[in-house]
Every structure is written in C-alpha cells, then in structure tokens.
Amino acid sequence: MTRAIYPGSFDPVTNGHFDIIERSAKIVDELVIGVLNNSSKNSLFSVDERVSMLKELTMHLPNVTVDSFDGLLVDYAKRIHATIVIRGLRAVTDFEYELQIAQTNHEVYKDIETIFLTTRLEYAYISSTIVKEFASYGGDISHFVPQQFMGHIYAKYGY
C-alpha cells in the first residue's frame, strides 16, 4: 500500500491545492494531507481551522485523511510510514527549491520519494499569499479558493 503526504501550510487552502489533492488521491492508495504547524509564521487561520476546512473539502475522497504536524517532514513521514511526498509545482522557480528539499529528504530518509505534479494552467498563478493580499483589501477571491471558504477568509479581515 502506498501512503503519500501532501504537506503544506494551506493558509488558506486554494483551488490549486484542491486540484493537487484530487489528482494525488487517484495515484496513491492513501493520501495524508499534512498541515504544517509552523509557529514562526503569522498564520491567518489556526492549524485546527485549516485541518477542519481541509476535512470538509475532502470528505468525498475516501482515501484522503487530514492531519497536522510540526517539525521536519521526514520525521513525520517516518512516524506515519509514508513513502511518498507530493509537491505541486507552479513555475521553474518552485522546482529549484523543491528539488533541493526532495534530495535532502531522500538523503535523510532513504525510503521517501517525492512526486512533483505540475499545476494546471488555470491555477498556476494562485498562491495563498495572493489570496490573502486580495482578501485583505476586500478583492474578489472567488476564482482562487473553494466557494464555501470565502466567507471565512473575508471574516478574518473584517469583511
């Protein structure tokens, strides 16, 4: 059985994230969405809120679970017996950074492999940072995030 992790901060989850989740769920037996608890980041949503949103978003995918972790991804992968890391790539600049991480992770944990999925063109420009920037000014984020979370995002900015 292949268990994969799709790690990220998902702050907030975007349509691009969801696309990678759905596509990944089709190619592995089990997909764990690992929500990173990074205390050095000033997150818009708490870890619990992000986990809850992702659980709601993926409830129709029977082989997907959502969990949170902190610390090194390779340590978490060992703990849950995952052998694959899924990463989405939007641009060449993403590849350079992700390649270094993948190689380092493999050096530390020989059983881990990284699979890169290229983002579909309609989502290539979307990032959580862009979503937060637009939302902070009351801009239209309907093309960026799942519809059911728009109100939650705007509420964080007082809209």
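Because the structure is predicted, anything quoted here is derived from the model rather than measured.

Engineer: Honestly, the overall build of the chain in this entry has me stumped. Any pointers?
Structural biologist: Each helix and strand in the chain was counted, giving 6 helices and 5 strands. For the chain, the sequential pattern of α-helices and β-strands runs β-α-β-α-β-α-β-α-β-α-α. Against the compact-globule benchmark of 15 Å for 159 residues, the chain has a radius of gyration of 15 Å, which places it among compact chains. Taking all contacts inside the chain whose residues are at least 6 apart in sequence as the whole, residues at least 24 apart take part in 72%. In the form shown here, the chain has an accessible surface area of approximately 8,600 Å², with 53% of it arising from carbon and sulfur atoms. Taking the average location of the 14 positive side-chain charges in the chain and that of its 20 negative ones, the two points are 1 Å from each other.

Engineer: Looking at this structure, I do not really get unusual backbone geometry. What am I missing?
Structural biologist: The bulk of non-glycine residues show a negative phi, and the bulk of peptide bonds are trans. Omega for the bond connecting aspartate 11 with proline 12 falls within 30 degrees of zero, at 0°, which places this linkage in the cis form. Relative to the elements of secondary structure, proline 12 occurs in the loop between strand S1 (3-8) and helix H1 (15-25). Its identity as a non-glycine residue notwithstanding, phenylalanine 10 has a phi of 50°, on the positive side. Using a relative accessible area of 3% as the deciding quantity, one classes phenylalanine 10 as buried. A positive phi angle, close to 60°, is found at histidine 81, a residue other than glycine. With respect to the secondary-structure elements, histidine 81 resides in the loop between helix H3 (73-80) and strand S4 (84-89). Look at histidine 81 and you get exposed, because its relative accessible area is 59%.

Engineer: Help me understand the nonpolar core in this model?
Structural biologist: Soluble globular proteins: nonpolar side chains tend toward being buried together. Counting residues in hydrophobic clusters, the biggest one holds 35 residues, and the most contacted among them are Leu31, Leu54, Ile86, Ile141 and Ile153. Elements supplying a minimum of two residues to this core: S1, H1, strand S2 (30-36), helix H2 (47-58), strand S3 (64-69), S4, helix H5 (128-136) and helix H6 (150-156). With 5 residues, the single largest contributor to this core is H2. By size, the runner-up hydrophobic cluster in this structure holds 12 residues, among which are Ile5, Val32, Leu73 and Ile112.

Engineer: Even after reading the chapter, I still don't get the packing of aromatic side chains, so can you show me in this structure?
Structural biologist: Remark: the centre distance and the inter-plane angle together describe each pair of aromatic rings, the angle taken between the planes. Tallied over the full model, the rule gives 6 aromatic pairs. An angle of 75° between the planes, with centres 5.3 Å apart, marks the rings of tyrosine 6 and phenylalanine 10 as edge-to-face. Each member of the pair, tyrosine 6 as well as phenylalanine 10, carries the same accessibility label: buried. With a centroid separation of 5.9 Å and an interplanar angle of 75°, the aromatic rings of tyrosine 125 and phenylalanine 144 are classed as edge-to-face.

Engineer: Teacher, can you tell me more about the pattern of salt bridges here?
Structural biologist: Pairing between side chains of opposite charge can happen when their charged atoms approach one another. Considering all chains together, one arrives at 8 salt bridges under this definition. Here arginine 87 ties to glutamate 98 by a salt bridge, and the two come within 2.8 Å at their closest N and O atoms. Here glutamate 98 lies in helix H4 (residues 92-108) and arginine 87 lies in strand S4, a separation of 11 residues in the sequence. Residues joined by salt bridges that share partners form a network here, namely Asp19, Arg23 and Arg120.

Engineer: I tried to follow H3 on my own but got confused; where do I start?
Structural biologist: Note that an α-helix has 3.6 residues per turn; residues three or four places apart therefore point the same way. Those residues of H3 that fall on the buried side of the exposure criterion are Leu73, Val74, Tyr76, Ala77 and Ile80. Taken end-on, H3 shows its buried residues confined to a sector of 160°, consistent with a single buried face. Just downstream of H3, histidine 81 is the residue with a positive phi angle, here 60°.

Parameters at a glance
Residues numbered from 1 in each chain as written. Predicted model: local features only at pLDDT ≥ 70, side-chain atom pairs only at ≥ 80, totals over all residues. Heavy atoms only, no water. Helix = DSSP H or I, 4+ residues; strand = E, 2+ residues; numbered from the N terminus. Rg over C-alpha atoms; globule rule 2.2 N^0.38 Å. Contact = heavy atoms within 4.5 Å. Areas by Shrake-Rupley, 256 points an atom, 1.4 Å probe, with all protein chains shown as cover. Lys, Arg positive; Asp, Glu negative; His and termini not counted. Charge placed at Lys NZ, Arg CZ, Asp CG, Glu CD. Buried < 20%, exposed > 50% of the residue type's maximum accessible area, 1.4 Å probe, protein only. Core = buried A, V, L, I, M, F, W, Y, C linked by side-chain atoms within 4.5 Å. Phe/Tyr/Trp six-rings, centres within 6.5 Å; stacked < 30°, edge-to-face > 60°. Salt bridge = Lys/Arg side-chain N within 4 Å of Asp/Glu carboxyl O. Arc of directions from axis to C-beta.

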